[in-house]
Amino acid sequence: MRAEPALTALQERLAEAGAVPKIRIRGLKKRFGDKVVLDGIDLDVMPGTSLVVIGGSGSGKSVLLKCILGLITPDAGSIAIDGHDVLHLRRRERETVRARIGMLFQNGALFDSLPVWQNVSFGLLAQHKIDRKRARATADDFLRQVGLDPSVGDLSPAELSGGMQKRVALARAIAAQPDIMFFDEPTTGLDPIMGAVIDDLIVDCVKRLGSTAVAITHDIASARRIGDRAAMLHKGHIIWDGPASALMNSGNPMVDQFTHGSRNGPIQMELRR
Amino acid sequence: MTAILDFLAAIGRGVGLACRVAGQLAVFALSGLSHLLRPPFYGRMFLRSLVEIGYFSLPVVALTAVFTGMVLALQSYTGFARFSAEGAIASIVVLSVTRELGPVLAGLMVAGRVGAAMAAEIGTMRVTDQIDALTTLSTNPMKYLVAPRLLAGIVALPLLVLIADILGVMGGYIIGTFKLGFNGATYLRNTLDFVQTQDVVSGLAKAAVFGFLITLLGCFQGYNSRGGAQGVGAATTAAVVAASILILGFDYVLTEAFFAR
Ligand SMILES: Nc1ncnc2c1ncn2[C@@H]1O[C@H](COP(=O)(O)OP(=O)(O)O)[C@@H](O)[C@H]1O
Ligand SMILES: [Mg+2]
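Residues numbered from 1 in each chain as written. Chains lettered and ligands numbered in written order. Predicted model: local features only at pLDDT ≥ 70, side-chain atom pairs only at ≥ 80, totals over all residues. Heavy atoms only, no water.

K.L.:
Just checking my understanding: could you explain the coordination of the magnesium ion (ligand 2) for this structure?
P.N.:
Tetrahedral coordination by four donors places them ideally at 109.5 degrees to one another around the metal; octahedral coordination by six donors ideally gives 90 or 180 degrees. Residue and element names in this part refer to chain A. Protein coordination at the magnesium ion (ligand 2): the donors are Ser62 (OG) and Gln106 (OE1), at 2.0 to 2.3 Å from the metal. Separated by 44 residues along the polypeptide, Ser62 in helix H2 (residues 61-69) and Gln106 in the loop between strand E6 (101-104) and helix H4 (116-126) bring together distant segments of the chain. By relative accessible area, which is 26% here, Gln106 ends up partly exposed. (Donors = N, O, S within 2.8 Å, 3.2 Å for Na, K, Ca; no water. Helix = DSSP H or I, 4+ residues; strand = E, 2+ residues; numbered from the N terminus. Buried < 20%, exposed > 50% of the residue type's maximum accessible area, 1.4 Å probe, protein only.)

K.L.:
Sorry, what's going on with the packing of helix H4 (residues 87-127) of chain B against helix H8 (residues 197-223) of chain B here?
P.N.:
Packed helix pairs are specified by the crossing angle of their axes together with the interaxial distance, meaning the distance between the axes. All names here are of chain B. Two elements in contact, H4 and H8, have axes whose closest approach is 7 Å; the angle formed by their N-to-C orientations is 15°. By the criterion of interaxial angle, the relationship of H4 to H8 is roughly parallel. You can see that H4 and H8 cross each other, and the crossing is right-handed. Of the residues contributing to the contact of H4 with H8, the split by class is 14 nonpolar, eight polar and five charged. (Axes fitted to C-alpha atoms, helices over the stretch in contact; angles between N-to-C directions. Parallel < 35°, antiparallel > 145°, perpendicular 65-115°, else oblique. Left-handed = near helix turned anticlockwise from the far one by under 90°. Nonpolar A, V, L, I, M, F, W, Y, C, P; charged D, E, K, R; others polar.)

K.L.:
Hey, could you run me through the sheet that holds strand E5 (residues 84-85) of chain A in this one?
P.N.:
Whether parallel or antiparallel, the strands of a sheet pair through hydrogen bonds between backbone atoms. Residues and elements named next belong to chain A. Across the sheet, four strands lie side by side as E2-E1-E4-E5; this open sheet has antiparallel pairing. Strands with a single pairing partner mark the edges of an open sheet, and in this sheet they are strand E2 (35-45) and E5. Pairing between strand E1 (residues 23-32) and E2: eight bridges, direction antiparallel. Looking at the pairing, Lys29 lines up with Asp39 of E2. (Pairing = 2+ DSSP bridges.)

K.L.:
Just checking my understanding: could you explain helix H5 (residues 132-145) of chain A for this structure?
P.N.:
Residue and element names in this part refer to chain A. If you check H5, its first and last C-alpha atoms are 20 Å apart, about what 14 residues at 1.5 Å a residue would give, namely 20 Å. Those residues of H5 that sit buried are Ala135, Thr138, Ala139, Asp140, Phe142 and Leu143. Where H5 is buried, its residues touch H4 and helix H6 (162-175). Where H5 ends, the next residue or the one after it, Gly147, has phi of about 80°, a positive value. (Expected span 1.5 Å × (residues − 1). Contact = heavy atoms within 4.5 Å.)

K.L.:
Whenever I open this one, the pairing of strand E7 (residues 180-184) of chain A confuses me. Can you help?
P.N.:
Note on strand geometry: in a regular strand, side chains alternate between the two faces of the sheet. Residue and element names in this part refer to chain A. Counting buried residues along E7, five of its five residues qualify, which places the element largely inside the surrounding structure. Across the two faces of E7 the burial is the same, with Ile180, Phe182 and Asp184 and Met181 and Phe183 all buried. In the sheet, E6 pairs with E7 via four bridges, with the strands oriented parallel. Residue pairing for E7: Ile101 is matched across the bridge by Ile180. Direction of pairing for E7 relative to strand E8 (residues 212-216): parallel, over a ladder of five bridges. Counterpart to Met181 in the pairing with E8 is Ala213. Read as a crossover between parallel neighbours, the route from E7 over helix H7 (residues 192-209) to E8 is right-handed. (Right-handed = clockwise from strand over helix to strand, strands pointing away.)

K.L.:
Would you take a moment to explain the interface of chain B and chain A for this structure?
P.N.:
How big an interface is tends to be reported as the loss of accessible area on association of its parts. Counting residues at the interface gives 19 residues for chain B, matched by 21 residues for chain A. Surface buried jointly by chain B and chain A totals about 1,600 Å² across both partners, of which 57% is contributed by carbon and sulfur atoms. In terms of surface lost to chain A, no three residues of chain B exceed Gln130(B), Thr136(B) and Leu137(B), which account for 34% of the buried area on that side. Connecting chain B to chain A are two salt bridges. Lys66(A) serves as the salt-bridge partner of Asp132(B), at 3.6 Å between the closest nitrogen and oxygen. Here chain B is connected to chain A by three residue pairs in polar contact (both at pLDDT 80 or more). Secondary structure elements with two or more residues in the side of chain B that touches chain A: helix H2 (43-55), H4 and helix H5 (130-136) of chain B. The leading source of residues in the side of chain B that touches chain A is H5(B), at six residues. (Buried area = accessible area lost by both parts, 1.4 Å probe. Salt bridge = Lys/Arg side-chain N within 4 Å of Asp/Glu carboxyl O. Polar contact = N/O pair within 3.5 Å; in protein donor to acceptor, adjacent residues only side chain to side chain.)

K.L.:
What should I look at first to understand the domain arrangement of chain A in this one?
P.N.:
Residue and element names in this part refer to chain A. What the domain assignment lists for chain A is domain 1 (2-100 + 180-260) and domain 2 (112-177). Computed from C-alpha atoms alone, the centre-to-centre distance between domain 1 and domain 2 is 26 Å. At the interface, 15 residues of domain 1 touch eleven residues of domain 2. Across the contact surface, domain 1 and domain 2 share zero salt bridges. Counting across the domain 1 and domain 2 interface gives three residue pairs in polar contact (both at pLDDT 80 or more). (Domains from an automatic or database assignment.)

K.L.:
For this particular structure, what's the right way to read the site of ligand 1?
P.N.:
All names here are of chain A. Near ligand 1, the surroundings consist of Phe32, Lys35, Val37, Gly56, Ser57, Gly58, Ser59, Gly60, Lys61, Ser62 and Val63. In the model, an oxygen atom of ligand 1 is placed 3.2 Å from a nitrogen or oxygen of the Ser59 main chain. Measuring from an oxygen atom of ligand 1, one finds a side-chain N or O atom of Ser62 at 2.7 Å. In the complex, 64% of the free accessible area of ligand 1, which totals 560 Å², lies under the protein chains. Elements with a minimum of two residues in the shell around ligand 1: E2 and H2. (Near = heavy atom within 4 Å. Areas by Shrake-Rupley, 256 points an atom, 1.4 Å probe, with all protein chains shown as cover.)

K.L.:
Any chance you could explain the nonpolar core here in plain terms?
P.N.:
Where a protein is soluble and globular, its nonpolar side chains tend to be buried together. Among the nonpolar cores identified, the biggest contains 83 residues, and Ile25(A), Leu38(A), Ile41(A) and Phe182(A) are the most heavily contacted of them. It is helix H6 (residues 141-179) of chain B that provides the largest number of residues to this core, a total of twelve residues. Apart from residues lying up to four places away in sequence, Ile41(A) is in contact with Ile25(A), Arg26(A), Gly27(A), Leu28(A), Leu64(A), Leu233(A), Gly236(A), His237(A) and Ile238(A). Listed in part, the 48 residues of the second largest apolar core include Val120(A), Val168(A), Ala223(A) and Ala244(A). (Core = buried A, V, L, I, M, F, W, Y, C linked by side-chain atoms within 4.5 Å.)

Here it is as structure tokens:
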């Protein structure tokens with residue numbers, strides 16, 4: 001059920017060598033009312049690696065990322081970034097931690113009252129990394145990096161196609177050069193070709209920045225392109241984790257059912273609640 | 001017996017919920033206001049809201065004010081003509097408009113226009129994760145979205161009401177001179193003789209409070225909206241209804257505070 005022995009061994013060697021996980025989650029729990037969403041999550045993400053989290057809709061993948069970002073306060077458990085507990089920080093320190101994390105939201109979450117270029121340069125301006133005069137040029141730069149023409153910068157987000165919105169959101173997320181990046185379903189709702197293009201962009205950006213990445217996806221092809229490692233979230237627990245390349249033959253019946261998309265198996269779809 | 005207990009329990013739950021919401025609203029208001037004192041300040045957001053609330057509400061508020069002044073003149077004439085107290089009409093119009101109808105009607109109109117739009121905009125930002133996105137981009141949403149709007153409401157409403165006061169008196173003047181056949185100069189002199197600084201200032205103070213209430217409820221409902229388009233719709237309605245009721249309630253309290261002896 002647990003991680004591949006070889007990789008566990010590798011992790012142990014890294015730990016012995018003094019490598020602290022970039023993100024370390026222990027016993028994380030969160031419920032909304034009487035609906036238990038996360039029920040004791042343990043997860044390590046080593047520096048410079050990418051983890052993909054798979055799991056059904058509503059299994060709490062977005063909630064997990066929002067807990068790490070501090071947007072949702074968990075009920076129990078600990079989250080450490082670079083070995084420092086981030087749940088009990090004061091506001092100033094929490095903001096410093098957050099500034100190091102870039103997030104691509106599930107539906108882009110672009111500010112629709114601002115033109116594209118102001119979206120892209122938003123974080124840089126907020127962190128005073130650039131001044132207003134340079135903002136436009138910098139935004140154009142990032143738009144080019146995600147394969148968009150700078151003329152797109154003058155449009156409003158609502159005027160863009162889904163794929164373009166994802167690219168702009170990606171540009172906004174990478175603009176502050178974060179050393180941790182979260183991608184929440186980056187390819188959902190895109191055609192397969194555009195999905196592959198976005199995946200490549202993500203891999204590219206993560207490599208270039210040398211960041212640690214956590215990506216959420218339903219899409220197994222995408223998971224194998226983006227991830228070094230993979231973990232499956234089901235009923236509030238991580239039920240499997242291992243190398244992303246092993247997703248198709250994990251030996252875990254639940255993961256197999258998910259990756260092969262079959263109706264019959266240990267996972268029963270909860271069609272009613 | 002159980003029916004009575006159920007009934008009492010329902011009342012208890014209602015009161016409990018009302019208290020909780022009032023508490024949340026108070027915390028939200030204090031947090032929003034406290035961000036006005038600490039940098040960074042978002043001047044652009046303030047100006048944008050000021051234009052949105054002040055400038056674009058001018059037509060509705062102006063029309064409301066003119067017609068209110070006209071109706072007031074007409075109605076009080078039917079009442080006073082018998083006593084040949086035509087001079088009283090000017091004073092009735094100016095006192096009613098500056099003390100009461102200017103701020104309240106402008107407040108209600110702006111609550112419908114601006115409160116709803118604010119709840120819808122911020123609510124949409126909430127359900128599409130834009131508010132969370134602000135936080136991840138090193139921007140405090142209370143400071144960026146809420147504080148400038150609160151300030152804009154506090155500043156814009158008195159300006160609107162000042163204009164409404166003038167237009168309301170003009171409405172009375174139009175009816176008085178063109179329909180009722182008063183002498184225009186006498187009407188204006190009566191108006192200026194009767195009105196006191198306190199009347200206008202109390203009206204403007206009310207307006208500032210109403211502006212705060214409207215933007216507060218718009219932001220609060222939007223900020224706490226849940227559950228997609230339907231949730232945003234519910235937040236919009238709640239913002240307008242709650243702001244309108246609070247405007248009328250605070251109007252009484254403030255009148256009591258200003259004029260009760
Ligand atoms: N702020 C919230 N309030 C109440 N329930 C929530 C909230 N956020 C998420 N949930 C619930 O938590 C569950 C998991 O949501 P989510 O993490 O978005 O799923 P997914 O794995 O598809 O990303 C869902 O049932 C959702 O309704
Ligand atoms: Mg999700």
